[in-house]
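Next come the chains, spelled out residue by residue.
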Amino acid sequence: MAEAYSTLAKPTILVVEDEAPLMTLLRYNLEKQGFKVDEAADGQEALLRVSEARPDLVLLDWMLPALSGIEVCRQLRRRPGTRDLPIIMVTARTEDQDAVRALDTGADDYIAKPFVMDSLLARIRALLRRSGGAAAKGTLTYRDLTMDQDAHRVSRDGRALHLGPTEYRLLEFFLQHPGRVFTREQLLDAVWGRDIHVEPRTVDVHIRRLRKAINGDHEADLIRTVRSAGYALDAEDH
């Protein structure tokens, strides 16, 4: 079911796409669902648009003139103000390694062309929910790791951590169930949602990113990998 957004709370989607017919189609469908749409036809324009007004989510085509979507994503992740900006990569490339590369570069999700519009809209809504967090939840802790859900901030031993929306939701779920082992499929259902089709290997990519974000030099790895089973928030000290 489509979610309704009020006039005052319309999320802004920056659509970065150089194919005019597809841009028109995306604008029509996004505005019909209550989103505000901004446009960019190439990578340089996309970076300019984001610097002028930060959108709530970027729908980013991989193949762009001058500056590729991969490079745009990489640059946005380097900037403090956009390192947690939700990004969905749209690509005509269907090889598994291309999808993994998009996620490794910093995209939160990806969808291959040609796509079903309802599927894309579901992914957008799911990612906005993950990035928006939930109000008045309090604080979650595990060892020296702390998540302030009200402020949407995470720290370890007093050091501020910067997480993308998917990594934040993954960590939030782990903090709610410390020590418990979850399969990739269980994590997909809990974090991405049952109505979103995502390959299980996507979980591995985001786990790597979460590990990199929360584990500093000489600190215990707080994410335990259980062979043939899954992952848990459960440090193994040696």
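The structure this text deals with has already been given above.
Reference entry: report on the structure contained in this document. (Residues numbered from 1 in each chain as written. Predicted model: local features only at pLDDT ≥ 70, side-chain atom pairs only at ≥ 80, totals over all residues. Heavy atoms only, no water.)

Overview of unusual backbone geometry
No. 1: Put simply, Lys113 and Pro114 share a cis peptide bond, and its omega is -10°.
No. 2: Relative to the helices and strands, Pro114 resides in the loop between β5 (109–112) and α5 (117–132).
No. 3: Positive phi values are uncommon outside glycine, yet Asp157 reaches one of about 55°.
No. 4: Along the polypeptide, Asp157 turns up in the loop between β8 (153–156) and β9 (159–161). (Helix = DSSP H or I, 4+ residues; strand = E, 2+ residues; numbered from the N terminus.)

What to know about the sheet that holds β9
No. 1: Taken in spatial order, the 4 strands make up an open sheet running β6-β7-β8-β9, and their pairing is antiparallel. Both outer strands of the open sheet, β6 (139–142) and β9, are each paired with one neighbouring strand and no more. On average, adjacent strands in this sheet sit at an angle of 25° to one another, irrespective of strand direction.
No. 2: In this sheet, strand β7 (residues 145–148) lies alongside β6 in antiparallel orientation, the contact comprising 4 bridges. The residue of β7 that forms the bridge with Thr141 is Thr146.
No. 3: Those strands touched by helix α6 (residues 165–176) are β6, β7 and β8, and its axis lies near 110° from that of β7. (Pairing = 2+ DSSP bridges. Axes fitted to C-alpha atoms, helices over the stretch in contact; angles between N-to-C directions. Contact = heavy atoms within 4.5 Å.)

Re the sheet that holds strand β2 (residues 36–40)
No. 1: In space, the 5 strands of this open sheet follow the order β2-β1-β3-β4-β5, with parallel pairing throughout. With one partner strand each, in any of the chains shown, β2 and β5 form the two edges of the open sheet. With direction set aside, neighbouring strand axes in the sheet form an average angle of 20°.
No. 2: Sheet contacts for helix α1 (residues 20–32): β1 (12–16), β2 and β3 (57–61); angle to β2, the most-contacted strand, approximately 165°.
No. 3: Along the sheet face, helix α2 (residues 43–52) touches β1 and β2 and points at about 140° away from the line of β2.

Keep in mind these numbers describe shape, not what the thing actually does.
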